[in-house]
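# Examination of the molecular architecture
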Amino acid sequence: MKTLYDVQQLLKKFGIYVYVGKRLWDIEVMALELDHLRRARVVDDPTFVQAKIVLTHEHRLEEQRAKINHQSIGGI
């Protein structure tokens, strides 16, 4: 698992589709859903860790893009 798309496909296997309307928020909701899957013990440790790494990386990139564009992270 290397990309956000890979994480989306993992969540899709469990019937979880995330679209909030802003990429940063989508990433945050995906992380929450992934945590729920882990607590339910339907995702193994290596898959969970790799997905969290991808989500953390993508979240940082989005925060950096927001700073570069002088946008509020919470604003639309």
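I will try to describe carefully the structure that is included in this document. (Residues numbered from 1 in each chain as written. Predicted model: local features only at pLDDT ≥ 70, side-chain atom pairs only at ≥ 80, totals over all residues. Heavy atoms only, no water.)

## A look at the packing of helix H1 (residues 4-13) against helix H2 (residues 23-39)
The condition is simple: For helices, the axis comes from a line fit to the C-alpha atoms of the stretch in contact; other axes are also lines fit to C-alpha atoms, and the angle between any two N-to-C directions lies between 0 and 180 degrees. Secondary structure elements are defined from DSSP: runs of H or I of at least 4 residues count as helices, runs of E of at least 2 residues count as strands, and each element is numbered from the N terminus. Roughly parallel means an angle under 35 degrees; roughly antiparallel means over 145; roughly perpendicular covers 65 to 115; every other angle is labelled oblique. Two helices cross in a left-handed way if the nearer one is turned anticlockwise from the farther one by less than a right angle. They cross in a right-handed way if the turn is clockwise. Residue contacts are defined here by distance: any two heavy atoms, one from each residue, within 4.5 Å place the two residues in contact. Residue polarity is assigned by list, with Asp, Glu, Lys and Arg as charged and Ala, Val, Leu, Ile, Met, Phe, Trp, Tyr, Cys and Pro as nonpolar; anything else, Gly included, falls into the polar class.
Close contact between H1 and H2 brings their axes to 11 Å; oriented N to C, the two are set at 45°. By the angle between their directions, the pair H1 and H2 is classed as oblique. Both H1 and H2 take part in a crossing whose hand is left-handed. Judged by residue contacts, Leu-4, Val-7, Gln-8, Leu-10 and Leu-11 of H1 engage Arg-23, Ile-27, Met-30, Glu-33, Leu-34 and Leu-37 from H2. Per-class residue counts for the contact of H1 with H2 are eight nonpolar, one polar and two charged.

## A few points about the packing of H1 against helix H3 (residues 45-68)
Direction vectors running N to C along H1 and H3 enclose 135°, while the axes themselves pass 9 Å from each other. Judged by the inter-axis angle, H1 sits oblique to H3. Handedness of the crossing formed by H1 with H3: left-handed. Here Leu-4, Val-7 and Leu-10 of H1 come into contact with H3, specifically with Thr-47, Ala-51, Val-54, Leu-55 and Glu-58.

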